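Residue strings, one per chain:
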Amino acid sequence: MDHTQLYINGEWRDGASGERFDVFNPATEEVIASVASADVKDADRALDAAAAAAADWASRKPRERSEVLRKAWELMTARLEHFARLITLENGKAHADAIGEATYAAEFFRWFAEEAVRADGLITHAPASGARIIVQHKPAGIAVLVTPWNYPAAMGTRKIAPALAAGCPVVIKPASETPLTMLALMPLLEEAGVPKGLVNVLPSKSSGRLVDHMLHDPRVRVISFTGSTEVGRKLLHSAADQVLKPAMELGGNAPLIVFEDADLDKAVKGAMLAKMRNLGEACTAANRFYVHERIAPAFTAKLTEAMAALKVGDGLDRDVDVGPLVNAATRDKVAAFVDDAVAKGAKVETGGTRPNGTGFFYPPTVLSNVSEDADCVHDEIFGPVAALQSFSEEEDVIRRANDTEYGLVAYVFSEDMKRAMRVCERLEYGMVGLNRGLVSDPAAPFGGVKQSGLGREGGHEGMLEFMETQYISAEW
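Here is a short report on the structure shown in this document. (Residues numbered from 1 in each chain as written. Predicted model: local features only at pLDDT ≥ 70, side-chain atom pairs only at ≥ 80, totals over all residues. Heavy atoms only, no water.)

Considering the overall build of the protein
Here's step 1: For the protein, the count of helices and strands is 15 helices and 20 strands.
Here's step 2: Projected onto its principal axes, the C-alpha positions of the protein cover 70 × 65 × 40 Å.
Here's step 3: Out of the 476 residues belonging to the protein, those deemed buried represent 57%.
Here's step 4: For the protein, the proportion of contacts with a sequence separation of at least 24, taken over those separated by at least 6, is 73%.
Here's step 5: Summed over its atoms, the accessible surface of the protein is roughly 18500 Å², and 50% of this surface lies on carbon and sulfur atoms.
Here's step 6: Charged side chains of the protein number 51 positive and 67 negative; the gap between the two group centres comes to 3 Å. (Helix = DSSP H or I, 4+ residues; strand = E, 2+ residues; numbered from the N terminus. Buried < 20%, exposed > 50% of the residue type's maximum accessible area, 1.4 Å probe, protein only. Contact = heavy atoms within 4.5 Å. Areas by Shrake-Rupley, 256 points an atom, 1.4 Å probe, with all protein chains shown as cover. Lys, Arg positive; Asp, Glu negative; His and termini not counted. Charge placed at Lys NZ, Arg CZ, Asp CG, Glu CD.)

Things to note about the side chain of Ser 368
Here's step 1: Looking at the secondary structure, you find Ser 368 in strand 15 (residues 365–368).
Here's step 2: Among all residues touching Ser 368, those that are not within four sequence positions of it are Thr 300, Ala 346, Lys 347, Glu 349 and Leu 388.

Remarks on the environment of Ala 51
Here's step 1: On the secondary structure map, Ala 51 appears in helix 1 (residues 40–59).
Here's step 2: A relative accessible area of 33% means that Ala 51 is categorised as partly exposed.
Here's step 3: The contacts of Ala 51, once residues within four sequence positions are left out, are Ile 142 and Arg 219.

Remarks on the packing of helix 2 (residues 62–77) against helix 6 (residues 180–192)
Here's step 1: Taken N-terminus to C-terminus, the directions of helix 2 and helix 6 make an angle of 130°; their axes are 8 Å apart at the nearest point. By the angle between their axes, helix 2 is oblique relative to helix 6. When the axes of helix 2 and helix 6 are compared, the crossing they make is right-handed. Touching Val 68, Lys 71, Ala 72, Leu 75 and Met 76 of helix 2 are Leu 185, Leu 188, Leu 189, Glu 191 and Ala 192, all from helix 6.
Here's step 2: Counted by class, the contact of helix 2 with helix 6 contains eight nonpolar, no polar and two charged residues. (Axes fitted to C-alpha atoms, helices over the stretch in contact; angles between N-to-C directions. Parallel < 35°, antiparallel > 145°, perpendicular 65-115°, else oblique. Left-handed = near helix turned anticlockwise from the far one by under 90°. Nonpolar A, V, L, I, M, F, W, Y, C, P; charged D, E, K, R; others polar.)

Right, dumping it as structure tokens:
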């Protein structure tokens, strides 16, 4: 197994408390590593290291920062199999999915290597006074990055890369279920030329206390978090005490709308990607399926056939399509959603029964005739369950799609582009997949509205989350 200690100031060290916690393989339920657990003393050391590294990195020429990130992309791309195996071991996802994540994760280094040299400012004249208006973007300062378990590599690189491109040092708190991938990334960053102290990693079994402590350190200026809306709200409360710059990518409840004129095969293919990428353990996963009543039977039959054909098993097996869920609690929650929907009138088209034996497995499941009051319609399923409902009118489906506190992503399938664009623009979501089931791209601004978050990751906007705008009014 790779490194299992804390990574502070370019050094591997045990936590100040000496405590450790176990990491499990969700396919076998076996312990695969014992990892050092950070406490507040370790957080202070990491922040000291980040503060010491800040000025030098911020003063580097943008091209120098860019070359380090470009090298990180090259190194990670050359080691995709290594990272994919580690992702599967601690997260459970199938090998093909893990390779996809590792490739996606590496791409953030390449994208922000290019963005590092494009923090463009502005010089103009004030219309009334004639003074020069000079606008520039400067590194915001130390950033605390809190990442989830569902994408152990990509959710880290999606934050690390723009922070380094912007000139900021970081302290990362990976999820306790999946710390190994992020720890394994550190030797690669060293090899790429990242200076000591610039990137620090603090696994911990006391996540809330640790992060809250860092958010009340006056040297911290940014909090970037990916996770549940419930936890995001708590972090925003803590961040308010220091008036930190927040970037929050929170929960979702994605609708997937299929109109009667959709290309049925394209819609099913897109639905499979939107639902089953990462086993449905994604904030972007399609949660509510709204299918026009004219094509609902045909769509249901094709989707059921595709879901039933997926092979379930240990993700390390190259023939497996669907691995286990990350832990017992997640599996049990998914099972409870299905049981609730069935009790309220839903029909199980395939799956729907938790298997016996070792591992946190749940089969790909399709539910038809799902009631509007089913729990899975209002909460994230975060698992391999497609909950199907029908609709007849455009106005009605837009209303139902928007009837949620979340607003991360929605999906629309229609061959009538005039209607499709009209619907997309009326959906209250930060992102929309139109005739495709994938929206995530390092070159695009990823993020939501309403209770799904603040700020954007990826695109040019992703780097600006780690920068402050300075305006100089000048005469000469």
